[in-house]
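A closer look at the structure
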Amino acid sequence: MSGVDGGAFAVNVAASAGAALVVLLGAAAFGVRKGLHRVVDIAWGLGFCAVAGVSYALSAGHGDDGRRLLALVLVLVWGLRLSGHIAARSRGHGEDPRYEKLLSKAPPERRTAYALRMVYGLQALLVWFVSLPVQFACYVPHPPGVLAWTGTAVWAVGVFFEAVGDWQLTRFRSDPANRGQVMDRGLWRFTRHPNYFGDACVWWGLFLLAADAPAGWATLPSVLVMTYLLVNGSGKPMLEKQMHATKPGYAEYVARTSGFFPLPPRRA
């Protein structure tokens, strides 16, 4: 494994699964008690932070110290910002319509078990699987090379799009004059989903930290799954369906604005 201690990494993979599960089960305990399962969105970023913390601790003496610290810091900056933003955005709101729709598929007496399996359990599995590049990067024994620093630059682009996009949308929504209007300013003028595009960049950047070692390319499915979820899964499609139903000008916005990659607006 390109100098990576396979046995130690296998232990890390198991421990990381446990860390992700603990965070998501903690969220489940709160969500079930409050009847508010949108808390899982806050736990999403925290789960990655927990996995990165476990990987950093267990990889001591196995991976390069600089690379280990870089992987930890990049995940913590991304994950804590995301969780903090979602917590602030969710304050005072009821259940997310996505989870209401999902849980409506189960009979009332089985709804809690269904939520534990399909909301919290599934997301714990995804946190563990998507984070495999970060776990592996902590065990690469040589200092960061060109690919790793390129990945750090891609990560920085992603955090910029995600953080600035979220900030711009929050300011737009806070102005009563914009109620019912479509956000088409700032980064949202060039892509309908600057935050999802940024999220994809973050995880491609973190993947490149692992790809610095040839065996790290085996974690490519993790970033492909994350990208698929953002573009075709629970990210972009579900949000756009809701926007088409609630925003009268959204079809025109779609016609002139790129769906994912930032591009100059098209002419009407």
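Residues numbered from 1 in each chain as written. Predicted model: local features only at pLDDT ≥ 70, side-chain atom pairs only at ≥ 80, totals over all residues. Heavy atoms only, no water.

**Brief notes about the packing of helix H2 (residues 39-58) against helix H3 (residues 65-90)**
Running from N to C, H2 and H3 cross one another at 165°; their axes reach a closest spacing of 8 Å. Considered as vectors, H2 and H3 are oriented roughly antiparallel to each other. Two packed elements cross with a definite hand, and for H2 against H3 that hand is left-handed. Each of Asp41, Ile42, Trp44, Gly45, Leu46, Phe48, Cys49, Ala52, Gly53 and Tyr56 in H2 lies in contact with H3, whose residues at this interface are Arg68, Leu69, Leu72, Val75, Leu76, Trp78, Gly79, Leu80, Leu82, Ser83, Ile86 and Ala87. For the contact of H2 with H3, the class distribution of residues is 16 nonpolar, four polar and two charged. (Axes fitted to C-alpha atoms, helices over the stretch in contact; angles between N-to-C directions. Helix = DSSP H or I, 4+ residues; strand = E, 2+ residues; numbered from the N terminus. Parallel < 35°, antiparallel > 145°, perpendicular 65-115°, else oblique. Left-handed = near helix turned anticlockwise from the far one by under 90°. Contact = heavy atoms within 4.5 Å. Nonpolar A, V, L, I, M, F, W, Y, C, P; charged D, E, K, R; others polar.)

**Let's talk about the confidence of the model for the protein**
For the protein, per-residue confidence averages 92 on the pLDDT scale, and residues scoring 70 or more make up 98% of the total. Here helix H10 (residues 236-246) stands out as the least confident element of the protein, with mean pLDDT 74; helix H6 (residues 132-137) is the most confident, with 98. (pLDDT = per-residue confidence, 0-100.)

**Observations regarding the pattern of salt bridges**
Summed over the entire model, instances satisfying the criterion amount to six salt bridges. Here arginine 68 makes a salt bridge to aspartate 65, at a shortest N to O gap of 2.9 Å. With arginine 68 and aspartate 65 both in helix H3 and three residues apart, the pair spans about one turn of that helix. The exposure class assigned to arginine 68 is buried, which follows from its relative accessible area of 4%. Connected through shared salt-bridge partners, Arg81, Glu162 and Asp166 make up one network. (Salt bridge = Lys/Arg side-chain N within 4 Å of Asp/Glu carboxyl O. Buried < 20%, exposed > 50% of the residue type's maximum accessible area, 1.4 Å probe, protein only.)

**Examining the packing of aromatic side chains**
Evaluation of the coordinates by the stated rule reveals 15 aromatic pairs. Measuring from centroid to centroid gives 5.4 Å for tryptophan 78 and tryptophan 203, while their planes differ by 90°, and the two rings are edge-to-face. Here the residue tryptophan 78 occupies a position in helix H3, and tryptophan 203 occupies one in helix H8 (residues 194-211), the gap between them amounting to 125 residues. In this pair, the class of tryptophan 78 matches that of tryptophan 203, namely buried. Consider the rings of tryptophan 204 and phenylalanine 207, whose centres lie 5.9 Å apart with planes at 85°: the pair is edge-to-face. Pair noted here: tryptophan 204 and phenylalanine 207 are both in helix H8, with a separation of three residues, about one helical turn. The ring of tyrosine 56 has arginine 68 sitting right over it, with the charged end atom 4.2 Å from the ring centre. (Phe/Tyr/Trp six-rings, centres within 6.5 Å; stacked < 30°, edge-to-face > 60°. Lys NZ or Arg CZ within 6 Å of the ring centre and 35° of its normal.)

**Quick look at the side chain of threonine 191**
Inspection of the secondary structure puts threonine 191 in the loop between helix H7 (146-174) and H8. One polar contact links the side chain of threonine 191 to the main-chain amide nitrogen of histidine 193, over a distance of 3.1 Å. At 2.7 Å, the side chain of threonine 191 forms a polar contact with the backbone oxygen of phenylalanine 260. Beyond its immediate stretch of four places on either side in the chain, threonine 191 contacts Tyr253, Thr257, Ser258, Gly259, Phe260, Phe261 and Pro262. (Polar contact = N/O pair within 3.5 Å; in protein donor to acceptor, adjacent residues only side chain to side chain.)

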